[in-house]
Amino acid sequence: MRLTVMCVAALCASAAAADAVELPTRKAGLWELTMLRAGSATPEVTMQHCTDEATDKQMTANFSPMAKQNCAKNDNQKTTTGYVTDSVCSFGGSTLTSHSEIIGDFNSGYTMTVTSSSDKPPPGMPPNSTVMLQAKWLGACGADQRPGDIVMPGGFRMNIKDMEKLKGLLPKQ
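A.B. asks: In this structure, what is going on with the environment of H49? I would like to understand it.
C.D. replies: Note that H49 resides in strand β2 (residues 44-51). The exposure class of H49 is buried, given its relative accessible area of 2%. Along the backbone, H49 and V151 are 102 residues apart, and their C-alpha atoms lie at a distance of 6.6 Å. Here R26 takes part through its side chain, which lies 2.9 Å from a polar atom of the side chain of H49.

Written out as structure tokens, the structure is:
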């Protein structure tokens with residue numbers, strides 16, 4: 001579970017790092033997010049995220065300071081098919097170098113691929129990894145959902161607006 005939360009945070013931080021180019025907000029509603037990790041014992045994790053314009057902007061605003069504080073390099077570009085970010089960030093005494101590509105649109109679906117290498121990976125984790133996030137818009141959020149709700153595998157639910165709880169799970173510098 002902690003690894004899944006860290007991966008979500010890392011993907012959000014990569015998206016937030018592109019604030020100089022500013023990513024568009026996603027279409028309001030329920031998004032299915034499937035995270036694929038090459039070579040992992042659990043290679044696929046699927047979750048759902050209920051969002052709206054304000055929530056997407058808040059996610060960027062909350063993660064952007066973390067990215068600016070921890071990243072010595074953030075080169076962001078808009079491409080003909082999406083966005084590219086190259087970054088070098090430090091977390092918990094480890095340096096993470098990553099290349100992110102986002103292809104697609106923020107109304108129906110997009111794919112974000114993050115290739116990274118760490119000089120001191122956490123125990124049991126490889127130094128190099130590729131994580132792909134496939135996002136697909138499903139429609140309106142459920143009646144029992146509010147913007148920011150994420151339903152993780154096994155039904156665990158959290159709200160992304162509770163960013164302080166998420167930040168507490170990240171390694172300390």
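A.B. asks: Whenever I open this one, the sheet that holds strand β5 (residues 94-105) confuses me. Can you help?
C.D. replies: Pairing between the strands of a sheet is mediated by backbone hydrogen bonds and can be parallel or antiparallel. Strand order in the open sheet formed by nine strands is β3-β4-β5-β6-β7-β1-β2-β8-β9, with antiparallel pairing between adjacent strands. Looking at which strands have only one partner, the edges of the open sheet turn out to be β3 (71-78) and β9 (157-159). Going from strand to strand, the sheet's axes swing by 20° on average, the running direction of each strand aside. Sheet topology note: the strand β8 (residues 149-151)/β9 ladder contains three bridges and is antiparallel. Along β9, the bridge assignment pairs D149 with N159.

A.B. asks: Can you walk me through the packing of aromatic side chains in this structure?
C.D. replies: Applying the stated criterion to the full structure yields three aromatic pairs. Measuring from ring centre to ring centre gives 5.7 Å for W31 and Y110, while their planes differ by 50°; the resulting arrangement is tilted. Pair noted here: W31 is in strand β1 (residues 29-37) and Y110 is in strand β6 (residues 109-118), with a separation of 79 residues, a long-range link. Of the two residues, W31 and Y110, neither departs from the other in class, the shared state being buried. An angle of 65° between the planes, with centres 6.3 Å apart, marks the rings of Y83 and F106 as edge-to-face. Taken together, the positions of Y83 in strand β4 (residues 82-91) and F106 in the loop between β5 and β6 put the pair 23 residues apart, joining distant regions of the chain. In this structure an aromatic cluster arises from ring pairing among W31, Y83, F106 and Y110. Above the plane of the ring of Y83 lies K78, whose end atom (NZ or CZ) is 4.9 Å from the centre.

A.B. asks: Would you mind showing me how to read the state of the cysteines here?
C.D. replies: Two cysteines form a disulfide when their sulfur atoms are joined by a covalent bond. For the structure on display, the rule yields two disulfides. C50 shares a disulfide with C141; S-S distance 2.1 Å. What sets the handedness of the C50 and C141 disulfide is the S-S torsion sign, and at about 105° it is right-handed. With C50 in strand β2 and C141 in the loop between β7 (128-139) and β8, the pair connects residues that are 91 residues apart, well separated along the chain. Using a relative accessible area of 22% as the deciding quantity, one classes C141 as partly exposed. Note on cysteine connectivity: C71 is disulfide-linked to C89, with sulfurs 1.9 Å apart. Torsion about the S-S bond of the C71 and C89 cystine: about 95°, corresponding to right-handed handedness.

Cut-off values and rules
- Residues numbered from 1 in each chain as written.
- Predicted model: local features only at pLDDT ≥ 70, side-chain atom pairs only at ≥ 80, totals over all residues.
- Heavy atoms only, no water.
- Helix = DSSP H or I, 4+ residues; strand = E, 2+ residues; numbered from the N terminus.
- Buried < 20%, exposed > 50% of the residue type's maximum accessible area, 1.4 Å probe, protein only.
- Polar contact = N/O pair within 3.5 Å; in protein donor to acceptor, adjacent residues only side chain to side chain.
- Pairing = 2+ DSSP bridges.
- Axes fitted to C-alpha atoms, helices over the stretch in contact; angles between N-to-C directions.
- Phe/Tyr/Trp six-rings, centres within 6.5 Å; stacked < 30°, edge-to-face > 60°.
- Lys NZ or Arg CZ within 6 Å of the ring centre and 35° of its normal.
- Disulfide = S-S within 2.5 Å.

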